[in-house]
Amino acid sequence: MQTPTLRSRDLDRATGVRLGTLWALPFLGVVVGGVALVLGQEHEAGLDLFWAAASGLSFFLFGWAWNERRQARRLARWLVAHEDEIRRVEATWAGQRLTRATTLVQYEVLVSLILVEISFITAPRPDRRPLLPTATTLLLGWWGIPWGPFHTVRALRTNLGGGHTRNVAQLLVALHAKPPPRAAWWRRLLALDTGDRGQIAMNMAVLGIFGAVLLAILIVTILAAFYPGP
């Protein structure tokens, strides 16, 4: 049987692992890192450390989300390529035997900082790995205003309750499902067609705040460069 060719965005749609607005994180990391270098020379070490930590966290979260998407795509392509074997009996993925009834688990990750929330979902896996997503959410999810605590409790309940689950057969159905008409890029960016009002509001807030933060950082950096302190 010839393996159908699936586009990357179809794999992401089926697995639910997307980068979305997380593409802004590397740019934010560069800008914040530059601010740490510029302002660190004129202020106390504590402020310099804060900006450096924020920059490092931005890169870490983007790298983590990128790897989860890569793992999700690998599993999805493998499932489609070995669908006949799985349908007959089973197939082996990363040392684990998968059947149509094998449960795949995904966990939520949430990080909040004042008015900005960063969230994504891990790749589907046959083994449960809730420690890192749950610990990250538990430590860094609360600090958003006003929805940080609410979204953190929701994510923790999901993770501690076993995560998002579906079996291999259900994921294969999603992979073969006909994709909906492709919306404009700005509608996809803001998730306007998902029907999730909370996610839409969060995406709009993230983009607005991101633009405001970049503008403020740019102004502060220029002022610091042209009007150094005594």
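The shown structure was predicted, so the numbers you read here are calculated from the model rather than taken from an experiment.

How each quantity is defined
- Residues numbered from 1 in each chain as written.
- Predicted model: local features only at pLDDT ≥ 70, side-chain atom pairs only at ≥ 80, totals over all residues.
- Heavy atoms only, no water.
- Helix = DSSP H or I, 4+ residues; strand = E, 2+ residues; numbered from the N terminus.
- Buried < 20%, exposed > 50% of the residue type's maximum accessible area, 1.4 Å probe, protein only.
- Contact = heavy atoms within 4.5 Å.
- Areas by Shrake-Rupley, 256 points an atom, 1.4 Å probe, with all protein chains shown as cover.
- Phe/Tyr/Trp six-rings, centres within 6.5 Å; stacked < 30°, edge-to-face > 60°.
- Polar contact = N/O pair within 3.5 Å; in protein donor to acceptor, adjacent residues only side chain to side chain.

A. Looking closely at the overall build of the protein chain. Helix and strand content of the protein chain: 9 helices and 6 strands. A burial count over the protein chain gives 39% of its 230 residues as buried. Within the protein chain, residue pairs in contact and separated by at least 24 positions form 68% of the contacts whose partners lie at least 6 positions apart. A total of about 13,500 Å² of accessible surface is found on the protein chain, and carbon and sulfur atoms cover 65% of it.

B. Region of interest: the environment of Leu19. Examined against the element boundaries, Leu19 turns out to sit in the loop between helix 1 (8–15) and helix 2 (24–39). In this structure, the C-alpha to C-alpha distance between Leu19 and Phe120, residues 101 residues apart in sequence, is 7.5 Å. Aside from chain neighbours lying at most four places away, what touches Leu19 is Phe62, Ala65, Trp66 and Arg69.

C. Fine view of the packing of aromatic side chains. Following the criterion strictly, the structure yields 6 aromatic pairs and no others. Aromatic pair Phe62 and Trp66: ring centres 6.0 Å apart, planes at 45 degrees, arrangement tilted. Of this pair, Phe62 and Trp66 both sit in helix 3 (residues 45–81), 4 residues apart, which is roughly one turn of that helix. We classify Phe62 as buried; its relative accessible area is 13%.

D. Molecular detail of unusual backbone geometry. Although it is not a glycine, Ala94 adopts a positive phi angle of roughly 50 degrees. On the basis of relative accessibility, which here comes to 68%, the residue Ala94 falls in the exposed class.

E. Geometry of the environment of Ser112. In this structure, Ser112 sits in strand 4 (residues 108–113). Counting along the chain gives 36 residues from Ser112 to Gly148, while the straight-line C-alpha distance between them is 6.2 Å. Sequence-distant contacts of Ser112, that is, excluding residues within four places in its chain, are made with Glu117, Leu140, Gly141, Trp143, Gly144 and Gly148. Within the structure, Ser112 has its side chain in polar contact with the backbone oxygen of Gly141 (distance 2.9 Å).

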